[in-house]
Number of protein chains: 2
Amino acid sequence: MNKIKVALNGYGVIGKRIADAVMAQEDMTLVGVCDVVTDWRIKIAVAKNYPVYASTPEAYTAMKNAGIPVAGTLTDLLKEADIICDATPKKVAVANAEMYKKAGVKSIFQGGEKHSLTGHSFVAQANYETAIGRSSTRVVSCNTTSIVRVFGALKNAGLLKRAHGVLVRRATDPWESDSTGIMNTVVHETVIPSHQTEDAQTVIPDLDLTTVAIKVPETLSHFHTWRVELTKAVSKEEILKVLGNTPRVIFLKENDGLKALNHTTELMSDMGRPRGDMWEVAIWADSLNVQDTDLFFNYQVYNQAIVVPETIDAIRALTGIEKDGTVSINKTNKALGILHGHIFESKPVIKNAPLLV
Amino acid sequence: MNKIKVALNGYGVIGKRIADAVMAQEDMTLVGVCDVVTDWRIKIAVAKNYPVYASTPEAYTAMKNAGIPVAGTLTDLLKEADIICDATPKKVAVANAEMYKKAGVKSIFQGGEKHSLTGHSFVAQANYETAIGRSSTRVVSCNTTSIVRVFGALKNAGLLKRAHGVLVRRATDPWESDSTGIMNTVVHETVIPSHQTEDAQTVIPDLDLTTVAIKVPETLSHFHTWRVELTKAVSKEEILKVLGNTPRVIFLKENDGLKALNHTTELMSDMGRPRGDMWEVAIWADSLNVQDTDLFFNYQVYNQAIVVPETIDAIRALTGIEKDGTVSINKTNKALGILHGHIFESKPVIKNAPLLV
């Protein structure tokens, strides 16, 4: 089998995880990573023997001067690639889109970009098939991905009338918390509903929901609290059955002692996951409850990693190497160790960690 | 070769790391882990196929009732072990000491215990040899371990007259930051000098230093800032040479972009280290400077992991399976991937992470 040759532009929080995730797939190979920095972030890529390219000619010189072994520039990298994942900052990505097109290389952008950049927004379990063969797509943001997974499932089960969510966001990512953090305050997004409402509709157009977003002084992950109007009165068990069969959605149980964001992040580290990543939406199953046709529940979204498996699936969809979304999702899940349902009932829980066998 | 049969009592922040580190050694085998909890913490040990024992008969019942497959109690585990590492909370450990003695099982305690419990306190590079064949020792605390490594090295080089350090401590460990944290304040230890001064002297009796300890609202790691009176005026380069050759001491460089605690913790995660652990003392090499006979420098201590390699060496010392401390240190370092010197000049930097080979 010819492996898909994947390039990565923007070796940051999301980009470095995409690179590692590509490496874990049997049907993909990583032809290089591209960035502009000269510090520890890119030196790790060098230490991993990832071919390192410079995103711009200026960066090429700076990286050379800093002793980074640079294989070439983005132009050179594009010659090696079937597809490129762009995880660069906002304005950079827009400018890159034209360049990828010219080079005839398919491209995947992240949720910071507008839907209009590609005309297609992607969440694997919602619309894999519509991305097949396209030249580009956009993997929606972490929060939007979680919304599409969870409310797409409720909608498909015929249970969703409308929903309202309050998104309690982590203030910044850990690596830059020394400069871009907030502390001892709550900051609200002044536009209500927040952009996630509209963003989710780029994937599922008739998803009826509203969102409000605030940010709080922590760096662990996002937290959502939802009130859902159901189409009919159903039991909690029925809801758990629907969500328990949804890919990339897991349950946290109180009798497992999982009660706060920091418990979950510690658990993921203990499981030996790379960087302690959680790719799943994690729903607190015990506090979830139904009152007549109102459904209430809270969940956790690990913003640094949740879009990574979606990006891997988008690679298969755009290149058309796999036509069945479910098959791609299962491949990705198996390669990374992604779970669904009650976390301690899914086996094997542990991957890449010391195991007594 | 007969492997040392190691038991672990207290599967918490330190204990779970000791268990995994034992698993990584060629000359050791993990016969079981012991605890009293019934939640996700111990369920991870089950998922790793570590034989799980209950520390008490009451815990045995509780664990059974919670569906944990319990192999027996601590008494049963002791029958299987040559040596036990005790990482239980303070008062529990004291009570256990007698039990281990009775069972004829050698024992290693952690730095929360008093020196008098074992009559011997351990840091591998300072006093491995004096622990050989003993029935028990105490691995000193995270901060004390860092002090003994760094100031032991300066003392051995004939450079240390006396030193004063301010220890800026993380408030609590991440997993329990939902209940035991502090926020928006600085809390000081009201006893000056803080206990680390005396504690370091349990390993190197004539170490002349003073310490003051404060804690701040973060969970990443400890931070020390030191002023050292040298025995003579030497160059910065000479200091870096001494510290650069000290095992388990690494340099963070500003041109690698490493400027804050959160950069280092992100780097360790990127390196693929289990749980993002840093076992080394990490000295900021650029701000280190000498003014006449005064030496100033700052370093970072990752409290969750720094004592783990020391515990592994203590296992070899007490059992006498390895008589040479340096050989044991090198074995442990190789098994875990522990570095010294400038982090990007030490190869291989990356272990357990996706590598393009």
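Residues numbered from 1 in each chain as written. Chains lettered and ligands numbered in written order. Predicted model: local features only at pLDDT ≥ 70, side-chain atom pairs only at ≥ 80, totals over all residues. Heavy atoms only, no water.

A.B. asks: What should I look at first to understand the domain arrangement of chain A in this one?
C.D. replies: How big an interface is tends to be stated in terms of accessible area lost as the parts join. Residue and element names in this part refer to chain A. Taken as a whole, chain A is organised into domain 1 (4-140 + 308-335) and domain 2 (142-306). Contacts between the two partners involve 25 residues from domain 1, matched on the other side by 22 residues from domain 2. Sorting the residues of domain 1 by area buried against domain 2 places Arg17, Gln125 and Val140 first, and these three jointly supply 32% of that buried surface. The tally of links from domain 1 across to domain 2 stands at six salt bridges. Asp277 is paired through a salt bridge with Arg17; the nearest N and O atoms lie 3.0 Å apart. (Domains from an automatic or database assignment. Contact = heavy atoms within 4.5 Å. Buried area = accessible area lost by both parts, 1.4 Å probe. Salt bridge = Lys/Arg side-chain N within 4 Å of Asp/Glu carboxyl O.)

A.B. asks: Sorry, what's going on with helix α2 (residues 40-47) of chain B here?
C.D. replies: Within an α-helix, residues lying three or four positions from one another point in the same direction, as the helix has 3.6 residues per turn. Along α2 of chain B, the residues that are buried comprise Trp40, Ile42, Lys43, Ile44 and Ala45 of chain B. Just past α2 of chain B, the residue Asn49 of chain B takes up positive phi, approximately 65°. (Buried < 20%, exposed > 50% of the residue type's maximum accessible area, 1.4 Å probe, protein only. Helix = DSSP H or I, 4+ residues; strand = E, 2+ residues; numbered from the N terminus.)

A.B. asks: What is the right way to read the sheet that holds strand β1 (residues 4-9) of chain A from this model?
C.D. replies: By definition, the strands of a sheet pair up through backbone hydrogen bonds, in either a parallel or an antiparallel sense. All names here are of chain A. Strand order in this open sheet of eight strands is β4-β3-β2-β1-β5-β6-β8-β7, and the pairing throughout is parallel. In this open sheet, the two edge strands, each paired with only one partner strand, are β4 (70-73) and β7 (121-122). Two elements, strand β5 (residues 83-86) and strand β6 (residues 106-109), share three bridges in a ladder whose sense is parallel. Of the residues in β6, the one forming a bridge with Ile83 is Lys106. Contacts from helix α3 (residues 57-65) reach β2 (28-35), β3 (52-54) and β4 within the one sheet, and its direction differs from that of β4 by about 165°. (Pairing = 2+ DSSP bridges. Axes fitted to C-alpha atoms, helices over the stretch in contact; angles between N-to-C directions.)

A.B. asks: Even after reading the chapter, I still don't get helix α5 (residues 90-102) of chain B, so can you show me in this structure?
C.D. replies: All names here are of chain B. The largest bend in α5 amounts to roughly 30° and is located at Asn96. What α5 keeps buried is the set Ala93, Asn96, Ala97 and Tyr100. The inward-facing, buried residues of α5 contact β1 (4-9), α4 (74-80), β5 (83-86) and β6 (106-109). Looking one or two places after α5, you find Gly104, whose phi comes out positive at around 70°. (Bend = angle between axes of the 7 residues up to and from the residue.)

A.B. asks: Please explain the relation of the copies chain B and chain A as it appears in this structure.
C.D. replies: Take chain B, turn it by 180°, move it 0.0 Å along the axis, and it overlays chain A with an RMSD of 0.0 Å. Seen this way, the second copy is the image of the first under a two-fold rotation axis. A shared interface surface links the copies, since 100% of the contact residues of chain B are contact residues in chain A too. (Least-squares fit on C-alpha atoms with pLDDT ≥ 70 in both.)

A.B. asks: How should I be thinking about the interface of chain B and chain A in this particular structure?
C.D. replies: Each partner contributes residues to the interface: chain B has 42 residues there, and chain A has 42 residues. Across the chain B to chain A interface the summed buried area is about 3,800 Å²; carbon plus sulfur atoms make up 58%. Our count for the chain B to chain A interface comes out at eight salt bridges. A salt bridge links Lys16 of chain B to Asp270 of chain A, with the nearest nitrogen and oxygen atoms 2.9 Å apart. Counting only elements with at least two residues in the side of chain B that touches chain A, the list comes to α1 (13-23), α2, α8 (177-180) and α11 (261-270) of chain B. With six residues, α11 of chain B is the largest single contributor of residues to the side of chain B that touches chain A.

A.B. asks: Looking at this structure, how should I read the sheet that holds strand β7 (residues 121-122) of chain B?
C.D. replies: Residue and element names in this part refer to chain B. The eight strands are arranged β4-β3-β2-β1-β5-β6-β8-β7 in an open sheet whose pairing can be described as parallel. The open sheet terminates on both sides in strands that have one partner only, identified here as β4 (70-73) and β7. Running at roughly 160° to strand β2 (residues 28-35), α1 makes contact with β1, β2 and β5 of the sheet.

A.B. asks: Whenever I open this one, the packing of helix α6 (residues 124-131) of chain B against helix α13 (residues 325-336) of chain B confuses me. Can you help?
C.D. replies: Each pair of packed helices gets described by two things: the angle between the helix axes and the distance between those axes. Residues and elements named next belong to chain B. Where α6 contacts α13, the axes come no closer than 9 Å and their chain directions differ by 125°. It follows that α6 is oblique to α13 by the angle criterion. Of the two elements, α6 crosses α13, and the hand of that crossing is right-handed. In this structure, α6 uses Ala124, Gln125, Tyr128 and Glu129 to contact α13, whose residues at the interface are Gly325, Ser328 and Ile329. Classifying every residue of the contact of α6 with α13 gives three nonpolar, three polar and one charged. (Parallel < 35°, antiparallel > 145°, perpendicular 65-115°, else oblique. Left-handed = near helix turned anticlockwise from the far one by under 90°. Nonpolar A, V, L, I, M, F, W, Y, C, P; charged D, E, K, R; others polar.)

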